[in-house]
Amino acid sequence: MSNTKINDKEYIAPTYARFDLEIVSGQGSRVFDDEGKEYIDLSTGIAVNTFGVCDVEWKEAVINQLNKFQHTSNLYYSEPCAALAKLLCEKSGAKKVFFGNSGAEANECAIKIARKWANDTKGEAEYNIITLKNSFHGRTVTTLKATGQDVFHKDFGPFPDGFIYAEANNAQSVRDLVSANRCCAIMMEPVQGEGGVMPLTADFVKECEQIAKENDLLLIFDEVQTGNGRCGTLYAYEQFDVKADIVTTAKGLGGGLPIGAALMFERVENVLGAGSHGSTFGGNPIAAAGAVSIISRIDEKVLAGVRERSEYIFSALSGADGIKSVSGMGLMIGIETERDVNEVLKECMARGILPIKAKNKLRLLPALNIPMQDLVRAITIIKEVAKG
Ligand SMILES: *Cc1c(COP(=O)(O)O)cnc(C)c1O
């Protein structure tokens, strides 16, 4: 560390357990720290830098918009925002989009849609939303309550009412909650990211769709982390052969700038009217221009590349010495090691690769276009470190 560095701990609220690492530049899947050491980036700023650092096309789209104007407000027509909404609807099959700035805001929007839809069609008392145990839906007071982990339900109460928690991959547990409570929606992450990269089973998701149909509930997918090509399809739920009513996303959508979206399908497309929701920065032209560049390039070729890289990771690591399990979908991978994960992570960083953690696992969220030779090198290092 250079001695001119500001002591950030003196000024920034200590809400993050930070590593002693400063990234100062990069290109694609290679990044450099303040001492010039090179790393292969395996986490893309927590699934944000979809095509890596300083991706040329994304940068051009952002700078091009920056040279026109930076912000206009949602009171006026905005070309990047309209173009992004059209692109998302065409590619996902959604009917309407609401833009916010983050994953938590996208989920807040989904929750508001579900509640208002219930108010409009079923009556005020049908407000419960079923979420899953071990889920993560955000850090606002409401999305903390939506998160199905007790550790998030302390210190900041009172929390809003109306969230009940089913066991992931246990349809009976969903059925039991539906029959004992008045509900409007079931909400889930296709792969529980913060919960340890735990994918839902196709059977479970399919049964949830059936339960939703039988009981007139909405099906909401939180694709904040799994979305935008990360899992090998534009949205991960598409692989479960079910229909969504709302899909939320953020992280990788903007390719590095803050933007979140709630995608609304047929049943809810007319729920939010003028004045019912809003966001000053939502759909910001610069973030939206960057997002257009990202989403327009997530085509079958890119997705096939994600699946191919994923297969390589699974086959290289499954059953390897010191590896207990490999979980996930596409390029969202959890690795359970026999060695302590903190030790493994520390050694990985020392050896020039940057994975992160999810619970007790190593988590990989590389760029969708990480060069195969970089991925091979990174996986080789992980195998060596895990072996000890
Ligand atoms: C990261 C994440 C969120 C929260 O997103 P923010 O942009 O941090 O508000 C919500 N849901 C899931 C599944 C996430 O991974």
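Residues numbered from 1 in each chain as written. Predicted model: local features only at pLDDT ≥ 70, side-chain atom pairs only at ≥ 80, totals over all residues. Heavy atoms only, no water.

### Digging into the site of the ligand
Okay, step 1: As a matter of local geometry, the ligand sits amid S102, G103, A104, N107, F136, H137, G138, E189, D222, V224, Q225 and K251.
Okay, step 2: At 2.8 Å from an oxygen atom of the ligand is found a main-chain nitrogen or oxygen belonging to A104.
Okay, step 3: Burial of the ligand by the surrounding chains reaches 82%, relative to a free accessible area of 380 Å².
Okay, step 4: In terms of residue count, the dominant contributor to the shell around the ligand is helix α4 (residues 103-121) (3 residues). (Near = heavy atom within 4 Å. Polar contact = N/O pair within 3.5 Å; in protein donor to acceptor, adjacent residues only side chain to side chain. Areas by Shrake-Rupley, 256 points an atom, 1.4 Å probe, with all protein chains shown as cover. Helix = DSSP H or I, 4+ residues; strand = E, 2+ residues; numbered from the N terminus.)

### Overview of the nonpolar core
What tends to happen in soluble globular proteins is that the nonpolar side chains get buried as a cluster.
Okay, step 1: Core analysis: the largest hydrophobic core is formed by 96 residues, its most contacted members being I186, M188 and I382.
Okay, step 2: Here this core gets 7 residues from one element, more than from any other, and that element is helix α11 (residues 372-387).
Okay, step 3: In terms of domain composition, this core takes at least three residues from each of domain 1 (3-55 + 300-387) and domain 2 (58-297).
Okay, step 4: Residues in contact with I186, not counting those within four places in the same chain, are I130, V174, C208, I211, A212, L217, L218, L219 and I220.
Okay, step 5: Judged by nonpolar contacts, the second largest core, of 21 residues, contains I113, A146, L218 and A262. (Core = buried A, V, L, I, M, F, W, Y, C linked by side-chain atoms within 4.5 Å. Buried < 20%, exposed > 50% of the residue type's maximum accessible area, 1.4 Å probe, protein only. Domains from an automatic or database assignment. Contact = heavy atoms within 4.5 Å.)

### Overview of the sheet that holds strand β11 (residues 246-249)
Okay, step 1: In space, the 7 strands of this open sheet follow the order β4-β12-β11-β10-β7-β5-β6, with mixed pairing throughout. The sheet is open, and its two edges are formed by β4 (96-100) and β6 (163-166), each paired on a single side. Put simply, the sheet's adjacent strands are angled 20° from each other on average, direction ignored.
Okay, step 2: Where strand β5 (residues 128-132) lies against β6, 4 bridges are found, and the strand directions are parallel. Looking across to β6, one finds that I129 is bridged to F163.
Okay, step 3: Packed onto the sheet, helix α3 (residues 79-92) meets β4 and β12 (260-264) and runs at close to 130° relative to β4.
Okay, step 4: Against the sheet, helix α6 (residues 171-180) contacts β5, β6 and β7 (183-188), and its axis sits at roughly 150° relative to β6. (Pairing = 2+ DSSP bridges. Axes fitted to C-alpha atoms, helices over the stretch in contact; angles between N-to-C directions.)

### Here's the deal with the domain arrangement of the protein
Okay, step 1: Split into domains, the protein comes out as domain 1 (3-55 + 300-387) and domain 2 (58-297).
Okay, step 2: Just the C-alpha atoms count here: the centres of domain 1 and domain 2 sit 26 Å apart.
Okay, step 3: Contacts between the two partners involve 28 residues from domain 1 and, on the opposite side, 30 residues from domain 2.
Okay, step 4: Across the domain 1/domain 2 interface, buried area totals approximately 2400 Å², and carbon plus sulfur atoms make up 59% of it.
Okay, step 5: At the boundary of domain 1 and domain 2, one finds 2 salt bridges. (Buried area = accessible area lost by both parts, 1.4 Å probe. Salt bridge = Lys/Arg side-chain N within 4 Å of Asp/Glu carboxyl O.)

### Topic: the pattern of salt bridges
Okay, step 1: The full count for this structure, using the stated rule, is 23 salt bridges.
Okay, step 2: Put simply, K133 and E167 hold a salt bridge, and the shortest N to O gap is 3.3 Å. You can see K133 sitting in the loop between β5 and α5 (141-146) and its partner E167 sitting in the loop between β6 and α6, a full 34 residues away along the chain.
Okay, step 3: Its relative accessible area of 37% is what places K133 among the partly exposed residues.
Okay, step 4: Since its relative accessible area comes to 36%, E167 is described here as partly exposed.

### Remarks on the sheet that holds strand β3 (residues 38-41)
Okay, step 1: The strand order β1-β2-β3-β15 describes an open sheet built from 4 strands, whose pairing is mixed. Bordering the open sheet on either side are β1 (23-27) and β15 (353-354), each of which pairs with just one other strand.
Okay, step 2: Across 3 bridges, the pairing between strand β2 (residues 30-33) and β3 is antiparallel. Bridge pairing in β3 links F32 to E38.

### Points about the packing of aromatic side chains
Okay, step 1: Enumeration according to the criterion identifies 2 aromatic pairs in this entry.
Okay, step 2: Note on F221 and Y237: the rings are 4.9 Å apart at their centroids and 15° apart in plane angle, and the pair reads as stacked. Within this pair, whereas F221 is found in strand β10 (residues 218-222), its partner Y237 is found in the loop between β10 and β11, the two being separated by 16 residues in sequence.
Okay, step 3: The ring of F163 is capped by R115, whose NZ or CZ atom sits 5.3 Å from the centre of that ring. (Phe/Tyr/Trp six-rings, centres within 6.5 Å; stacked < 30°, edge-to-face > 60°. Lys NZ or Arg CZ within 6 Å of the ring centre and 35° of its normal.)

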